[in-house]
Amino acid sequence: PANQKITFSIKDAKNIEIKNGISFELEGQKFELNLSGEFNIYNALAAISVAKAYGIDFETCKKALEKVKAIAGRMEVISESPIKVIVDYAHTPEQLEAVYKTFKDENLICVLGSCGGERDKWKRPVLGEIAKKYCKEIIITNEDPYDENPMEIINQVAKGPEGYPGPKAKKILDRKEAIKTAVKSAKPGDVVIITGKGSEPWMCLENGRKIPWDDRQIARDALTEKSLTRHI
C-alpha cells in the first residue's frame, strides 16, 4: 500500500462558476482557469492536491494553472463567434456526457465520432443515446474503423439502446464532409462539438493503413469556407 494517500473532492471547492472558463475557491484562495467544463475543476483539484503534498504553495499552483490557455484536442476552442466550435477527444460515455453538459443550455450541433473499430462495441449505442439527449442536430461519422466496416459501426451508434429516432441523426461516412456539414448548418449562437479524435494526427484504417488527420484544421477550413460563402 502507498505510504501516503492523497484525496480530493469537488466539495472542497467553494463559489464554483462555470462560464467561458472556470473559477473556484479552495481554502480561501481563488483560482480562475481558462479551461471549460466541470471535469476540469476535478483535474485542477487533483493537480493542486499533488502539489500540496510536495509542499508547493497555493499561490504557485494558482500561477501555474492560470497560465494554461488550452489543452490540444481537449475542449479546444476553434472558434468563439459567431458560432462556437469545440474539438474534444471524448470517446467514452462519461467523457461525452461531461462535454455536452458543459453546453447543455446551448443549441448543440454534434459530430459524433462513431467509436474505433474492433473494441468496446457495447458503448456504441450508449454514445448515440447520450447525443440524442443533448444535441439539437447529430451527425454520426467515421472514426478509426481499423478492419471493421465503418458504416456498420455508424449504424450501431445510430440505433441507440431503445432505437434511434432516425430523422434526428444524419449518417455521413466521410468525416471531413461531416465536419463541414455541421459548420455549414450552424447559425450564430450555435455550438458545434466535434468529438472522438481530439488532436490525434492519424485516422486508422484497414490492414494497418493510416492517413494524416486533424479535426481542428478541418474545422478551421470549414469556418473559412463558410465565411467566404457568406460574403459572396
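Use the structure listed above.
Residues numbered from 1 in each chain as written. Predicted model: local features only at pLDDT ≥ 70, side-chain atom pairs only at ≥ 80, totals over all residues. Heavy atoms only, no water.

What to know about the pairing of strand β9 (residues 191-195)
Turning to step 1, where the next piece is worked out: Where burial is concerned, most of β9 is hidden: five out of the five residues are buried.
Turning to step 2, where the next piece is worked out: As defined by bridge partners, strand β5 (residues 84-88) adjoins β9 across five bridges and the pair is classed as parallel. Among the inter-strand pairings, Lys84 is bridged to a residue of β9, identified as Val191.
Turning to step 3, where the next piece is worked out: Pairing geometry for strand β6 (residues 108-113) and β9, over five bridges, is parallel. From the neighbouring strand, Cys110 faces β9, where its bridge partner is Ile193. (Buried < 20%, exposed > 50% of the residue type's maximum accessible area, 1.4 Å probe, protein only. Helix = DSSP H or I, 4+ residues; strand = E, 2+ residues; numbered from the N terminus. Pairing = 2+ DSSP bridges.)

A closer look at the state of the cysteines
In protein structure, a disulfide is the covalent linkage between the sulfur atoms of two cysteines.
Turning to step 1, where the next piece is worked out: A complete count under the given rule lists one disulfide for this structure.
Turning to step 2, where the next piece is worked out: Two residues, Cys110 and Cys135, share a disulfide whose sulfurs are 2.1 Å apart. Judged by the sign of its S-S torsion, about -90 degrees, the cystine formed by Cys110 and Cys135 is left-handed. Here Cys110 is found in strand β6, whereas its partner Cys135 is found in the loop between α4 (123-134) and β7 (137-141), with 25 residues between them in sequence. With respect to class, Cys110 is no different from Cys135; both count as buried.
Turning to step 3, where the next piece is worked out: Note on Cys204: no disulfide assigned, nearest cysteine sulfur contributed by Cys115 at a separation of 15 Å. (Disulfide = S-S within 2.5 Å.)

A short note on the sheet that holds strand β4 (residues 76-79)
Turning to step 1, where the next piece is worked out: With respect to topology, six strands assemble into an open sheet ordered β4-β5-β9-β6-β7-β8, the strand pairing being mixed. The sheet is open, and its two edges are formed by β4 and β8 (169-172), each paired on a single side. The average angle at which neighbouring strand axes cross in this sheet is 20 degrees, direction not considered.
Turning to step 2, where the next piece is worked out: Together, β6 and β7 form the strand contacts of α4, whose direction differs from that of β6 by roughly 170 degrees. (Axes fitted to C-alpha atoms, helices over the stretch in contact; angles between N-to-C directions. Contact = heavy atoms within 4.5 Å.)

Things to note about the environment of Ala47
Turning to step 1, where the next piece is worked out: Its location among the elements puts Ala47 in helix α1 (residues 38-53).
Turning to step 2, where the next piece is worked out: In this structure, the C-alpha to C-alpha distance between Ala47 and Ser9, residues 38 residues apart in sequence, is 12 Å.

Some details on the packing of aromatic side chains
Turning to step 1, where the next piece is worked out: Tallied over the entire structure, the rule returns three aromatic pairs.
Turning to step 2, where the next piece is worked out: Taking the centre distance of 6.1 Å and the plane angle of 45 degrees together, the rings of Tyr100 and Tyr134 count as tilted. With Tyr100 in helix α3 (residues 93-102) and Tyr134 in helix α4, this residue pair connects regions lying 34 residues apart in the sequence. Each member of the pair, Tyr100 together with Tyr134, is buried.
Turning to step 3, where the next piece is worked out: Grouped by ring-pair contacts, the aromatic residues Phe24, Phe31 and Phe58 constitute a single cluster. (Phe/Tyr/Trp six-rings, centres within 6.5 Å; stacked < 30°, edge-to-face > 60°.)

Some remarks on a nonpolar patch on the surface
Turning to step 1, where the next piece is worked out: Judged by side-chain polarity, Ile6, Val50, Tyr54 and Ile56 come together as a nonpolar surface patch covering roughly 410 Å² of accessible area.
Turning to step 2, where the next piece is worked out: Relative to the assigned elements, Tyr54 resides in the loop between α1 and α2 (58-67).
Turning to step 3, where the next piece is worked out: Residue Tyr54 is classed as exposed on the basis of its relative accessible area of 70%. (Patch = residues over 30% accessible without salt bridge, like charges linked within 9 Å, V, L, I, M, F, W, Y side chains within 5 Å. Areas by Shrake-Rupley, 256 points an atom, 1.4 Å probe, with all protein chains shown as cover. Salt bridge = Lys/Arg side-chain N within 4 Å of Asp/Glu carboxyl O.)

Structural notes on the nonpolar core
Turning to step 1, where the next piece is worked out: Core analysis: the biggest nonpolar cluster contains 25 residues, and Tyr100, Leu108, Cys135, Ile140 and Ile193 have the highest contact counts within it.
Turning to step 2, where the next piece is worked out: Elements with a contribution of two residues or more to this core: α3, β6, α4, β7, α5 (150-159) and β9.
Turning to step 3, where the next piece is worked out: For Ile140, the contacting residues outside a window of four places in its chain are Leu112, Ser114, Ile154, Val157, Ala158, Ala169, Lys170, Lys171 and Ile172.
Turning to step 4, where the next piece is worked out: Core analysis: the next-biggest nonpolar cluster, separate from the first, contains 22 residues, Ile78, Val87, Ile172 and Ile194 among them. (Core = buried A, V, L, I, M, F, W, Y, C linked by side-chain atoms within 4.5 Å.)

Regarding the sheet that holds strand β2 (residues 22-26)
Turning to step 1, where the next piece is worked out: Spatially, β1-β2-β3 is the arrangement adopted by the three strands of the open sheet, whose pairing is antiparallel. Every other strand in the sheet has two partners, leaving β1 (14-18) and β3 (29-33) as the edge strands with one partner each. Looking at each pair of strands side by side, their axes are set apart by 15 degrees on average, direction ignored.
Turning to step 2, where the next piece is worked out: Two elements, β1 and β2, share three bridges in a ladder whose sense is antiparallel. Considered in β2, the bridge of Glu17 is made with Ser23.

Considerations on the pattern of salt bridges
Turning to step 1, where the next piece is worked out: Under the defined criterion, the tally for this structure stands at 17 salt bridges.
Turning to step 2, where the next piece is worked out: Of the charged contacts, one joins Glu32 and Lys30 as a salt bridge, the two residues approaching to 3.9 Å between their closest N and O atoms.
Turning to step 3, where the next piece is worked out: A relative accessible area of 45% means that Glu32 is categorised as partly exposed.
Turning to step 4, where the next piece is worked out: Judged by its relative accessible area of 39%, Lys30 falls in the partly exposed class.
Turning to step 5, where the next piece is worked out: Ionic pairing is found between Lys197 and Glu200, a salt bridge with its closest N-O pair at 3.0 Å.
Turning to step 6, where the next piece is worked out: For Lys197, a relative accessible area of 0% corresponds to the buried category.
Turning to step 7, where the next piece is worked out: Judged by its relative accessible area of 25%, Glu200 is partly exposed.
Turning to step 8, where the next piece is worked out: Linked through salt bridges whose partners overlap, the residues forming this network are Glu76, Asp214, Arg216 and Arg220.

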